[in-house]
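# Structure assessment
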Amino acid sequence: MRNQKKNRIFDIIIYIILIACLYFAYDFYQQNNFNDFIKSETKLNISEFKRDKEIKYNKTASYKIKSETFNDAMFYKTIKVQKNKPYKVTCMVKTENVEVEENKIGSGAQIVVEGTTEKSTSITGTNDWTKLEFIFNSKNREEVNIGFRLGGYIAKAKGEVWFSNFTIEEGQEETNSDWNFACFIFTQTQVNIDNNEINLEVTKQDITDIKNTLKRFEASCSSMPEGKMSANCDVYEVEKPITSLAYDKEYGYYVSPENVEQQIKDFIIDSDYDHIFIVVRLGDEEHQKDIEVNDWIGLGGMDYYGIGFSNIRLPNSNNSYTYKYNKSINRFPEEVFIHEFLHTLERNSEEYGYKIPELHDYEKYGYKNERLEGQKKWYIDYMNCNINTQNGKIGLPSEIYLKKPAKTKNFINSHKLDEFKQPENIIEVIQEIINKIIERV
Ligand SMILES: [Zn+2]
């Protein structure tokens, strides 16, 4: 009788120890389990990746990244996608004291395609749970790594961030070739370069010239590729000055998407724009306030959240005919706009896996820069895949005019994918563990 009692107490103690062990193991597992996400950081072992069951958006523990010093940290998952489809990824995010190195815009808490420059907007500072949304086009890819990041390719970040409620949906690709352009004329450039305050202004004449040139651009976008596309341009005169510029060794100063995000975001969000032109003045006639630019009048091939983004630099002199039609001086004043837009189509063609000639290679194929019409003949053949070579005709594929950037309206009839489904209770967690073990056996 006594021994039996002793044994029972012993058994109970064993059970308690076992349950405690299981509880601690489960707790440890819960705190550290990132499910199918792979953790990654630029500076190793700087950031802490934890599941947080105290600060969470719904009943499941959130995914937390904490970086006490500047780092670029993310967790990502490989997602299967169909080619040429728009996708929308969302999550809830909460931040605490998120700071970006050198206060740069474009980094912070964000959703990204790992290994690319594709990203959502970025959240910095301290914010309660906010919805973050990221739209991208799969282009030629069949899988992408979707990352939830504290940092960015522009600059590192530090602070604490919690992510939760991951969703992904597939939208419907657009099937028309009607392109919408937003052209922002920045009437003031007010920048500090090497401790020099530089203030430059756009004149009424500049604005008139650009507006006239854009009318010609719209017409040429339809006639030059023989009706394969149409163009509609909305012109905005932005009075809030450009106060920062980006710098590149090859080009000198230019306007990056981050430099104007604050001024243009309200016009672009939920809009139907497929391409953005930024018109800017970076010098004046007296050459007293010239900002270093290495011989560019337009710069292209950039993107603003997946939308093609180009710079158009106004000539320093008001007497220039760069953007003025004149029968005996310039019969193709829309050339810079066409050229920069073609850089976006060139980049898109490459990203969709087409082999195409380089836009700058006109001489290689026997074309000339002509006095009155510049490289118009080259552009026409480039746009119509009509450049003669020994191996047949080359140029832009006609389908490229249909491949426009992904945007909100592509998701009116979307379907949700299950890719981010997380186990939500202990039974699902155990199932997930068993599945993982089976996968490995
Ligand atoms: Zn170019």
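Residues numbered from 1 in each chain as written. Predicted model: local features only at pLDDT ≥ 70, side-chain atom pairs only at ≥ 80, totals over all residues.

Before going further, it helps to spend a moment on helix 2 (residues 204-223). Here helix 2 is 20 residues long and its end C-alpha atoms lie 29 Å apart, about the 28 Å a rise of 1.5 Å per residue gives. Inspection of helix 2 places Asp 209, Ile 210, Thr 213, Leu 214, Phe 217, Ser 220 and Cys 221 among the buried residues, and these make up the whole buried set. Along the axis of helix 2, the buried residues cluster in a sector spanning 140°; they form a single face. Exposed and oriented more than 90 degrees from the buried face of helix 2 are Lys 204, Thr 208 and Ser 223. Looking at the buried positions of helix 2, the neighbouring elements they touch are strand 10 (178-186), strand 13 (230-238), strand 16 (275-281) and helix 4 (335-351). (Helix = DSSP H or I, 4+ residues; strand = E, 2+ residues; numbered from the N terminus. Expected span 1.5 Å × (residues − 1). Buried ≥ 20, exposed ≤ 12 C-beta atoms within 10 Å, placed from the backbone. Arc of directions from axis to C-beta. Contact = placed C-beta atoms within 7 Å.)

All right, on to the sheet that holds strand 17 (residues 298-304) then. Spatially, 5 strands are ordered 13-10-16-18-17 in an open sheet, and the strand pairing comes out mixed. Only two strands of the sheet have a single neighbouring strand rather than two, namely strand 13 and strand 17. Strand-to-strand twist in this sheet, taken as the mean axis angle between neighbours without regard to direction, amounts to 25°. By the bridge criterion, 7 bridges tie strand 16 to strand 18 (residues 307-314) in an arrangement that is parallel. Within the sheet, the bridge partner assigned to Val 279 lies in strand 18 and is Ile 312. Sheet contacts for helix 2: strand 10, strand 13, strand 16 and strand 18; angle to strand 13, the most-contacted strand, approximately 165°. (Pairing = 2+ DSSP bridges. Axes fitted to C-alpha atoms, helices over the stretch in contact; angles between N-to-C directions.)

Before going further, it helps to examine helix 3 (residues 257-268). Its 12 residues place the ends of helix 3 only 12 Å apart at the C-alpha level, less than the 16 Å of an ideal helix rising 1.5 Å per residue. Within helix 3, the full set of buried residues consists of Pro 257, Asn 259, Val 260 and Ile 264. The arc that holds the buried residues of helix 3, viewed along the axis, is 85°, so those residues lie on one side. Projecting away from the buried face of helix 3 at angles above 90 degrees are the exposed residues Gln 262 and Asp 266. Here the buried face of helix 3 lies against strand 10, strand 14 (246-248), strand 16, strand 17 and strand 18. Phi for Asp 270, located one or two positions after helix 3, is positive at around 60°.

Before going further, it helps to spend a moment on the pairing of strand 5 (residues 86-100). Bridging between strand 5 and strand 7 (residues 125-137) involves 10 bridges; their strand directions are antiparallel. Its bridge partner lying in strand 7, Met 92 is registered against Lys 131. Pairing between strand 5 and strand 9 (residues 157-170): 11 bridges, direction antiparallel. Bridging from a neighbouring strand, Lys 94 pairs with Trp 162 of strand 9.

This part is about the sheet that holds strand 1 (residues 38-41). The antiparallel open sheet is built from 4 strands, whose spatial order is 1-4-8-6. Sheet topology places strand 1 and strand 6 (108-113) at the edges, where each strand pairs with a single neighbour. Within this sheet the neighbouring strands show an average axis-to-axis angle of 25°, counted without direction. Both strand 1 and strand 4 (residues 73-80) contribute to a ladder of 4 bridges, which runs antiparallel. Within strand 4, the residue paired with Glu 41 across the bridge is Ala 73.

With that out of the way, let us pick up the domain arrangement of the chain. According to the domain assignment, the chain contains domain 1 (38-173) and domain 2 (178-402). Its C-alpha centre places domain 1 at a distance of 32 Å from the equivalent point of domain 2. With 9 residues of domain 1 in contact, the opposing surface of domain 2 contributes 6 residues. The residue inventory of the side of domain 1 that touches domain 2, partitioned by class, reads 4 nonpolar, 3 polar and 2 charged. (Domains from an automatic or database assignment. Nonpolar A, V, L, I, M, F, W, Y, C, P; charged D, E, K, R; others polar.)

Further remarks concern the nonpolar core. The biggest cluster of nonpolar side chains holds 55 residues, and the ones touching the most others in it are Cys 183, Phe 184, Phe 277, Ile 278 and Val 279. With 7 residues, the single largest contributor to this core is strand 10. Setting aside residues up to four positions removed in sequence, Phe 184 forms contacts with Tyr 236, Val 238, Ile 264, Phe 277, Ile 278 and Val 279. Formed by 31 residues, the second largest nonpolar core is a distinct cluster that contains Tyr 63, Ala 109, Ile 135 and Val 161. (Core = buried A, V, L, I, M, F, W, Y, C linked by C-beta atoms within 7 Å.)

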